[in-house]
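What follows is the residue order along each chain.
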Amino acid sequence: MEHRHNLFFPRLFESGGKRILEISILAENTPGRIAEVSSALADKGVNILWGVHHASDRPDVAWWCFFIDGEGVDEGELRDLISGVRGVREVHISEANLGDMVVDVHHGIQLLGPDAVVEMRAGWLRNVFREAYKRWGDDGKRMVEFLGLYGGRKSYPEWRRRFGLEGKALAEAALNVIVVLGWIERGEVVELDVKKSVARVRLWNTFESGEPSPEPVCHFLKGVLTGFFSEMFGTPCFGREVACRAKGDEYCEFIITKKPFTFSRG
Ligand SMILES: [Zn+2]
């Protein structure tokens, strides 16, 4: 398996009583820019805790944003120092302490490609789903599955166009997208037969399966896969979750097959 580790970039953390500053630098995206800024900071004994180097809305400049231990740091002096590095266009330094916590104060909407994404704690979302299942039973499960199904159907033509891939390669690319979204840790297409309209997919550490349950619980992801493969096969499919982490299995496994019959909506 390829290397993967958890993305843990704290944008919300306990200050431990320390003064923490957030620094955002807009600079030319050319070799050595980060090295020059960090060596200027190192000369002043400033320790960078963690940060992110991310794109701006212009191709020639990028943001480098990070938190530092701000004890005894003079902001004005630091701003002058960083502004003096060639290629630096903007410097923003802010106190990031709020009560006992530190909060990222420099970033607004998060983008994934051209799309705005909503981050939600997995536990919150699981609670929303669990409440729907408790209140509405099988109807609740079908509703959550339908939410996934709709997205899965929509995403098939989009990823096909944007990745320029087909079949198994496209399905694997789409699994990589939901890894990036944090819905699963990794996924594998174990079996795919487009002619027979059959797919078998394994997902590790799905967000839905975070708490124990006697039966499979990944109704949303089952819907996503069912919608995706229904579009790929060009026929309405149904999905079954035949193994689930929530009931102690190593991974969640889904089998998507052609519906044996369909009721007309007439
Ligand atoms: Zn599951």
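Note that the structure is predicted; figures quoted are calculated from it, not measured.

Time to look at the overall build of the chain. Scanning the chain from N- to C-terminus turns up 5 helices and 13 strands. Since a compact globule built from 266 residues should have a radius of gyration of about 18 Å, the 23 Å found for the chain marks it as more spread out than a globular shape. For the chain, the C-alpha atoms occupy an extent of roughly 75 × 40 × 40 Å along the three principal directions. Relative to its full complement of 266 residues, the chain shows a buried share of 26%. A separation threshold of at least 6 residues defines the contact pool for the chain, and within that pool the share at least 24 residues apart is 58%.

Let's shift gears to the sheet that holds strand E2 (residues 20-28). With antiparallel pairing, 4 strands are arranged side by side in an open sheet as E3-E4-E2-E5. Only two strands of the sheet have a single partner each, and these edge strands are strand E3 (48-55) and strand E5 (88-95). Here the average twist between neighbouring strands, direction ignored, is 15°. Where E2 and E5 come together, 7 bridges link them in antiparallel fashion.

Now for the domain arrangement of the chain. Its domain assignment divides the chain into domain 1 (12-108) and domain 2 (122-258). Taking the mean C-alpha position of each, domain 1 and domain 2 sit 39 Å from one another.

Spatially, E10-E11-E13-E12 is the arrangement adopted by the 4 strands of the open sheet, whose pairing is antiparallel. At either margin of the open sheet sits one strand with a lone partner, and together these are strand E10 (186-193) and strand E12 (237-243). Along the sheet, successive strands turn relative to each other by an average axial angle of 20°, direction set aside. Note that E12 and strand E13 (residues 252-258) share 6 bridges and pair antiparallel. Paired with arginine 240 across the two strands is isoleucine 255, which belongs to E13. Sitting on the sheet, helix H5 (residues 219-233) touches strand E11 (198-204), E12 and E13, and the angle it makes with E12 is about 135°.

About the thresholds
Residues numbered from 1 in each chain as written. Predicted model: local features only at pLDDT ≥ 70, side-chain atom pairs only at ≥ 80, totals over all residues. Helix = DSSP H or I, 4+ residues; strand = E, 2+ residues; numbered from the N terminus. Rg over C-alpha atoms; globule rule 2.2 N^0.38 Å. Buried ≥ 20, exposed ≤ 12 C-beta atoms within 10 Å, placed from the backbone. Contact = placed C-beta atoms within 7 Å. Pairing = 2+ DSSP bridges. Axes fitted to C-alpha atoms, helices over the stretch in contact; angles between N-to-C directions. Domains from an automatic or database assignment.

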